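Commentary on secondary and tertiary structure
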Amino acid sequence: MSVYHAGSRAVHDLVGVRDRADHVGRSLGQDIKPVAAAFLGLQPLLVVGAEAPETGRVWASALTGAPGFVRVTGPRQMSVVTNSGQGDQPEGARGTARPTTYDPHLHDGDPLTTALKTPGTHIGTVALDPRTRRRMRLNGRLRPTARGFAVEADQVFSNCPKYIQRRESYETLTDRTPGTPHPLTELTHQAAEFIHAADTFFLATVHPGGADVSHRGGNPGFVQVRSPHELSWPDYSGNAMFLTLGNLRTDPRAGLLFLDWTTGTVLQLTGEAHTEFTADGERTVRFTVAEAIETPAALPLRWSAPEYSPANPEPTR
């Protein structure tokens, strides 16, 4: 059975990459290999995407914790701790300042709080390590646990390092206090500047059988704010699977997550996205903002300055 649904197939045919997509699609499986399990256990950051059951809107959120808060607990199962018990203190990872307490973190007021406690939630996840420019995606169904949630995997796969900015190290600031989330109905000047300065964001999408969250990267300015209610970005060439654009062709709902790698501030957007295809093969995604949340100092991680990916094209206006 194909790993692709009708939306992705339509994009494959439109772009002319069906054979290549079939070849690359063989890398998608359900089993979590030992190398993937080891990778997950070293990460202090996991980005998740899902539909909020209260509103039906799609969001992307960031979860953080000491390395070990994400771990593989079965051949096809990943577990995530979002509320720690006493005495839980995983080993720190290379390049980290080990926190004084084990404090897995989802900032207060996050729009996916209920979704992450709801059995059967379709969830997409991506673990991205800027130190090694590696990323891994795991999508499946969520099951709440006493200390967080587990995901039974439907899709597990790695992506190439293209467009990932390298950041050599990070530290965990245990005294950083998250600010109050600010809901927005349109993009303010401050939010527009935040987006324009971004070299990375995460994109959550859904389809009838699941959810997915992917990484998008480029030099600052690759995401353009067109108005207080619209932004756009170029869809750079990738692995030809077109999971994200395929999802958007089936269901335009989407969630975007921008984060400040230094201050820990996050900007979450939800709305709808549509892809424009040109005759010369260029693709642009346009996103209409329905709602946004900006949370200062939401994440306790402070990363070193980026080394931009050599694959990044120069932004065009």
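You'll find the structure just up there.
Model, not experiment: these values are computed from the prediction. (Residues numbered from 1 in each chain as written. Predicted model: local features only at pLDDT ≥ 70, side-chain atom pairs only at ≥ 80, totals over all residues. Heavy atoms only, no water.)

1. What to know about the pairing of strand β3 (residues 70–74)
- One ladder, built from four bridges, connects β3 with strand β4 (residues 77–81); its direction is antiparallel. For Gly74, the partnering residue across the bridge sits in β4 and is Gln77.
- Hairpin geometry of β3 and β4 is characterised by an intervening segment of two residues between the two adjacent antiparallel strands. (Pairing = 2+ DSSP bridges. Helix = DSSP H or I, 4+ residues; strand = E, 2+ residues; numbered from the N terminus.)

2. Some thoughts on the sheet that holds β3
- Strand order in this open sheet of seven strands is β2-β1-β5-β6-β7-β4-β3, and the pairing throughout is antiparallel. Because the sheet does not close on itself, it has two edges, and the strands there are β2 (58–64) and β3. Here the strands of the sheet are splayed against their neighbours by 35° on average, with no regard to which way each runs.
- Across the sheet, helix α3 (residues 34–41) is in contact with β3, β4, β5 (122–129) and β6 (134–145); its angle to β6 comes to roughly 80°. (Axes fitted to C-alpha atoms, helices over the stretch in contact; angles between N-to-C directions. Contact = heavy atoms within 4.5 Å.)

3. Comments concerning the pattern of salt bridges
- Under the criterion given, the structure shown has 15 salt bridges.
- Among the salt bridges present, the one from Arg76 reaches Asp31, with a minimum N-O distance of 2.7 Å. Taken together, the positions of Arg76 in the loop between β3 and β4 and Asp31 in the loop between α2 (18–25) and α3 put the pair 45 residues apart, joining distant regions of the chain.
- Three or more residues joined by partner-sharing salt bridges are found here, namely Glu51, Asp251 and Arg253. (Salt bridge = Lys/Arg side-chain N within 4 Å of Asp/Glu carboxyl O.)

4. Observations concerning α3
- Looking at α3, one finds that the buried residues are Ala36, Phe39 and Leu40. Angular distribution of buried residues about the axis of α3 spans 95°; they occupy a single face of the element. Exposed residues on α3 whose side chains face more than 90 degrees from its buried face are Pro34 and Val35.
- Those residues of α3 that are buried lie in contact with β3, β4, β5 and β6. (Buried < 20%, exposed > 50% of the residue type's maximum accessible area, 1.4 Å probe, protein only. Arc of directions from axis to C-beta.)

5. Thoughts on the packing of helix α1 (residues 6–15) against α2
- It is the contact of α1 with α2, at a shortest axis distance of 8 Å, that shows an interaxial angle of 135°. With respect to α2, the axis of α1 lies oblique. Counted together, Arg9, His12 and Asp13 of α1 and Arg18, Ala21 and Asp22 of α2 form the full contact between these two elements. (Parallel < 35°, antiparallel > 145°, perpendicular 65-115°, else oblique.)

6. A look at the nonpolar core
- Core analysis: the biggest nonpolar cluster contains 30 residues, and Leu231, Trp233, Leu256, Phe258, Leu269 and Phe287 have the highest contact counts within it.
- Elements with a minimum of two residues in this core: α4 (189–196), β10 (200–207), β13 (230–234), α5 (243–250), β14 (253–259), β15 (266–277) and β16 (283–295).
- Considering each element in turn, this core owes the most residues, four residues, to β16.
- Among residues more than four places away in sequence, those in contact with Phe287 are His229, Glu230, Leu231, Trp233, Ala254, Leu256, Leu269, Thr270, Gly271, Glu272 and Ala273.
- Judged by nonpolar contacts, the second largest core, of 27 residues, contains Trp59, Phe69, Met78 and Val156. (Core = buried A, V, L, I, M, F, W, Y, C linked by side-chain atoms within 4.5 Å.)

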